[in-house]
Amino acid sequence: MRTSIGVGLFILFGLFTAFIIGFRPDFNGSLPIDEEQEGLTDRIVIKFSHVVAGDTPKGLAAAYFAERVRELSGDSIEIQVFPNAILHTEKTEIAALQHGEIQMIAPSFSNLNVIDPVWYVMDMPFAFRDQKDVDSALQGYVGRTLSESLHRHGMEAVAFWANGFKQMISSKGPLRVPDDFQNQTFRIQPSQLLESQFQALGAGTVRIPFNEVYGNLARGTADGLENTISNIVSKGLYRVQKYMTISNHGYLGYAVIVNGQFWDGLSEEHQQQLQQAFEDTTEWINRKTAAMDERQLSIVEKSGRVAIHYLTEEERALWVERFKPLYAQYEKTIGRELMAEIGGPE
Ligand code: LMR
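Residues numbered from 1 in each chain as written. Predicted model: local features only at pLDDT ≥ 70, side-chain atom pairs only at ≥ 80, totals over all residues. Heavy atoms only, no water.

Another aspect to go through is the site of the ligand. Every one of the 13 residues lining the ligand counts as a neighbour, but Lys58, Arg187, Gln189, Asn227 and Tyr254 are closest to it. Contact between the ligand and Lys58: an oxygen atom at 2.8 Å from a side-chain N or O atom of the residue. For the shell around the ligand, the residue count by class is 5 nonpolar, 5 polar and 3 charged. (Near = heavy atom within 4 Å. Polar contact = N/O pair within 3.5 Å; in protein donor to acceptor, adjacent residues only side chain to side chain. Nonpolar A, V, L, I, M, F, W, Y, C, P; charged D, E, K, R; others polar.)

Structural data, given as structure tokens:
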């Protein structure tokens, strides 16, 4: 009896000593690995920073892209997605990309006029009738000119992803005819052209980063805004607004951009895998956005918080009349050829 107690104590003492000096079971599941083996650190990491939520076209595209890259590269490229501006806001992400702090961003077109004013072309009101119209511009001369403007600044546009058409929303009053906009202030993205667009309607503007919009609407810094339905819904913006007009007056899309030096440093094989993933994602997301818009509009409808108005053809014609002078006003800034490509407001 005494012998077995002694043996038991001896084993317990041994286990205790082993635990103290580091031989513990791995409760977190991260078993120690051989850090020095060849190839362990060869995995390429791409930090992808953006400003919207997961349940938006860009958020979904980011997740789809990350998964596609994992499959195509056999897990040798990892896409780390940082949504909701947790890493960078639209104000800092371009510089962070240029400095190589991150490798990939997808800002909306309106954020890129700081690089080159040719990007205003995508902000022109009523320039595009539908997604097909946008696609043919981006796949042709317009897209090439925009991509070249980034290339000159050390960045490569690898894809254009859709979000959709912008609608108007306000807490102050219905927005049907241009005069309804008077004495209202609208949140805009950082674009002088968007400022001019609202001025043409007699409204004031205030530039606010996307992730600060809700608070500013709630506090009344802005009376309303223009944005896509998915952005309005995913940030709950409709909860602090009362009147929405389905106007489809402008387009919001994204340039998917990588740091040029980083891209050039990749092997041809990795570039091809990424290129394939960009193509697949673009095809996937551009097909999905219209259905998403419809689904999310029904969320606003069901909430009963917002009166939704569909712009009539007659009302639309009045808006178009107000916007026409912008085409002459911005022709020099954007360039005559580019402007000719998109024509006038339709
Ligand atoms: C906005 O600021 O409204 C948009 O650029 C946000 C986004 O990236 O869709």
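On to the packing of aromatic side chains, then. Applying the stated criterion across every chain, the model contains 14 aromatic pairs. Judged by centre distance (5.4 Å) and plane angle (35°), the rings of Phe181 and Phe186 are tilted. Classification of Phe181 as buried rests on a relative accessible area of 0%. In this structure Phe186 comes out as buried when scored by relative accessible area, which is 0%. (Phe/Tyr/Trp six-rings, centres within 6.5 Å; stacked < 30°, edge-to-face > 60°. Buried < 20%, exposed > 50% of the residue type's maximum accessible area, 1.4 Å probe, protein only.)

Moving on to the environment of Thr228. Position of Thr228 among the secondary structure elements: in the loop between strand 7 (224-227) and helix 8 (229-234). On the basis of relative accessibility, which here comes to 0%, the residue Thr228 falls in the buried class. A sequence separation of 61 residues divides Thr228 from Gln167, and the C-alpha atoms of the two residues are 5.9 Å apart. With residues up to four places along the chain from it excluded, the contact list for Thr228 reads Asn163, Gly164, Phe165, Lys166 and Leu252. Among the polar contacts listed, one links the side chain of Thr228 to the side chain of Asn163, at a separation of 3.1 Å. (Helix = DSSP H or I, 4+ residues; strand = E, 2+ residues; numbered from the N terminus. Contact = heavy atoms within 4.5 Å.)

All right, on to the nonpolar core then. In this structure, Trp119, Met122, Met124, Phe128, Phe181 and Ile342 are the most contacted members of the largest nonpolar core, which totals 52 residues. Excluding residues within four positions of it along the chain, Met122 makes contact with Phe109, Phe128, Val134, Leu138, Val142, Leu146 and Tyr251. With 45 residues, the next largest nonpolar core counts Ala62, Ala85, Leu237 and Val256 among its residues. (Core = buried A, V, L, I, M, F, W, Y, C linked by side-chain atoms within 4.5 Å.)

Side-chain alternation along strand 7 places Gly224 and Glu226 on one buried face and Leu225 and Asn227 on a second face that is also buried. The sheet contact formed by strand 4 (residues 155-170) and strand 7 spans 4 bridges and is antiparallel. Bridging across to strand 7, Ser170 finds its partner in Gly224. Direction of pairing for strand 5 (residues 185-188) relative to strand 7: parallel, over a ladder of 2 bridges. The partner of Phe186 across the bridge, within strand 7, is Gly224. (Pairing = 2+ DSSP bridges.)

Now for the environment of Gly202. For Gly202, the location among the structural elements is in the loop between helix 6 (192-200) and strand 6 (204-207). Given the relative accessible area of 33%, Gly202 is considered partly exposed. For Gly202 and Arg322, which are 120 residues apart along the polypeptide, the C-alpha to C-alpha distance reads 9.6 Å. Beyond its immediate chain neighbours, meaning those up to four positions away, Gly202 contacts Phe181, Gln182, Asn183 and Arg322.

This next bit is on the environment of Pro174. Along the polypeptide, Pro174 turns up in the loop between strand 4 and strand 5. C-alpha of Pro174 to C-alpha of Ala307: the two residues are 133 residues apart in sequence and 8.2 Å apart in space. Apart from the residues lying within four places of it in its own chain, the contact partners of Pro174 are Asp180 and Tyr243.

The next subject is helix 4 (residues 131-139). All of the buried residues along helix 4 are Gln131, Val134, Ala137 and Leu138. Down the axis, helix 4 shows its buried residues gathered within 125° of arc, on one side only. What points out from helix 4, more than 90 degrees from its buried face, is the exposed set Lys132 and Gln139. (Arc of directions from axis to C-beta.)

Counting through the fold element by element, Gln184 comes out in the loop between strand 4 and strand 5. Dropping the residues within four chain positions of it, Gln184 is found in contact with Ser170, Lys172, Gly173, Leu175, Ala203, Gly204 and Asp223.

Before going further, it helps to spend a moment on the pattern of salt bridges. Following the criterion strictly, the structure yields 13 salt bridges and no others. Where Asp179 meets Arg322, a salt bridge forms, and the shortest distance between an N and an O atom there is 3.0 Å. Linking Asp179 in the loop between strand 4 and strand 5 with Arg322 in helix 11 (residues 313-329), this pair joins segments that are 143 residues apart in sequence. By relative accessible area, which is 31% here, Arg322 ends up partly exposed. Arg207 is the salt-bridge partner of Glu195, the closest N and O atoms lying 3.0 Å from each other. Taken together, the positions of Glu195 in helix 6 and Arg207 in strand 6 put the pair 12 residues apart, joining distant regions of the chain. (Salt bridge = Lys/Arg side-chain N within 4 Å of Asp/Glu carboxyl O.)

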